[in-house]
Amino acid sequence: MTARSTQVAEAAAPAPPHCKHCLAQQSCPVTRIPDDQVAALQHKERSFRAGDVLGTQGTTSTAIRIIKSGATMLRRESRYGHRQSIGVFGRGTVIGSFGLLGRPEPVTLIGILDGRYCELPAASLQRTGLLEDPVFLGHLSETMAHAIESHCSWYQLSSGDSVAQQLAGALLHLSDLQSSLLVRLPKQTILADLLGTTRESITRAFSRLEKEGDITRCGRYYCDLNVPRLVRTIKAPNPPSRQ
């Protein structure tokens, strides 16, 4: 996958003051901010597409972004020059929070499923006093903990012995991020990148999962999950066929 380093969705409009219909509101720190302060935050909603770069490793973010829909891939380059995709973030995740501490981003975040996010400039958070508000900081800490838990879940679920087991875990993680058993799928090249394998191996793994009743494909971009069967596949000590 080629990441597009262009600005994402330049046109932006102020977000509604209450965000009542946002699917990410349960985990979003903005919903805990009084309406009069939200109006002063220069709160923007933007869209992104698969391939868009939402944050770049080594740069210091000047805003936090709350993912409302879609998903992003985490890619990290080690100090030895090794570059690897290491996880997936989705709805409700706050990114760019390292910038509030004056620290550079530890990973590059690249869209893998089209979506939207809300953006809050760090300068407006500082100006409104929210960075000194223990209630807001407490909610922000909760969202950072959520991101760590999500990353741990990805690592655990996608660490199977075979590609089919890894794919089964990745699909369960995407299901959790989307809160749906009907999962919207990234491109197979993206899944191959995330799981450290080839597109051909991903295609074979999908065929195996479908044949064994773990999933039902719904066109090219969706599949319906049979969670109990996927869990059994992940837990199987000796998969019938190694990819």
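First things first, this report covers the structure right here in the doc. Fair warning: this is a prediction, and the values are worked out from it, not measured in the lab.

Things to note about the sheet that holds strand β8 (residues 182–184)
The antiparallel open sheet is built from three strands, whose spatial order is β8-β10-β9. Each having just a single partner strand, β8 and β9 (215–217) make up the two edges of the open sheet. Each strand of the sheet is rotated relative to its neighbour by a mean of 30°, with strand direction disregarded. Pairing of β8 with strand β10 (residues 222–225), which is carried by three bridges, proceeds in the antiparallel orientation. Looking at β10, one finds that R184 is bridged to Y222.

Some words on the pattern of salt bridges
In this structure the tally under the stated criterion is eight salt bridges. A salt bridge links R46 to E119; the nearest nitrogen and oxygen atoms lie 3.2 Å apart. Pair noted here: R46 is in strand β2 (residues 44–48) and E119 is in strand β7 (residues 108–121), with a separation of 73 residues, a long-range link. With relative accessibility at 16%, the residue R46 sits in the buried group. Residues joined by salt bridges that share partners form a network here, namely E45, K68 and R116.

Focus: the environment of R103
Mapping R103 onto the fold places it in the loop between β6 (94–95) and β7. By relative accessible area, R103 is classed as partly exposed at 49%. Residues R103 and G58 lie 45 residues apart in sequence; the distance between their C-alpha atoms is 8.6 Å. For R103, the contacting residues outside a window of four places in its chain are T60 and F98.

Some details on the nonpolar core
V88, I112, L167, L171, F206 and L225 are the most contacted members of the largest nonpolar core, which totals 33 residues. The set of elements that each furnish at least two residues to this core consists of β4 (63–77), β7, α3 (134–157), α4 (163–178), α5 (188–195), α6 (199–211) and β10. With nine residues, α4 is the largest single contributor of residues to this core. Of all hydrophobic cores here, the second largest spans 14 residues; its members include V30, V38, I66 and F136.

Remarks on a nonpolar patch on the surface
Together, L182, Y221 and Y222 make up a nonpolar patch on the protein surface, roughly 290 Å² of accessible area in all. In this structure, Y222 sits in strand β10. The exposure class of Y222 is partly exposed, given its relative accessible area of 35%.

Quick notes on the rules
- Within any chain, residue numbers begin from 1 and follow the written order of that chain's sequence.
- The predicted origin of the model limits local features to residues at a pLDDT of at least 70 and limits the giving and counting of side-chain atom pairs to 80 or more, whereas totals for whole chains, interfaces and linings rest on all residues.
- The side-chain numbers reported here are obtained from all heavy atoms of the structure, hydrogens and water having been left aside.
- Strands are treated as partners if at least two bridges between them are detected by DSSP.
- Helix and strand assignments follow DSSP, with helices taken as H or I runs no shorter than four residues and strands as E runs no shorter than two, numbered in order from the N terminus.
- Helix axes use the C-alpha atoms of the stretch in contact, all axes being lines fitted to C-alpha atoms, and the angles between their N-to-C directions lie in the range 0 to 180 degrees.
- Note on definitions: salt bridges are taken to be side-chain nitrogens of Lys or Arg within 4 Å of carboxyl oxygens of Asp or Glu.
- Categorising residues by exposure relies on relative accessible area from a 1.4 Å probe, with only protein chains included: less than 20% of the type maximum marks a residue as buried, more than 50% marks it as exposed, and the intermediate range marks it as partly exposed.
- Here, two residues are considered to be in contact whenever any of their heavy atoms come within 4.5 Å of each other.
- Residue types Ala, Val, Leu, Ile, Met, Phe, Trp, Tyr and Cys, when buried and joined through side-chain atoms within 4.5 Å, form a set referred to as a nonpolar core.
- Patch membership requires over 30% relative accessible area and the absence of a salt bridge. Like charges are linked within 9 Å, and nonpolar side chains (Val, Leu, Ile, Met, Phe, Trp, Tyr) within 5 Å.
- In this description, accessible areas are obtained by the Shrake-Rupley approach with a 1.4 Å probe, and a residue is regarded as covered only by the protein chains that are shown.

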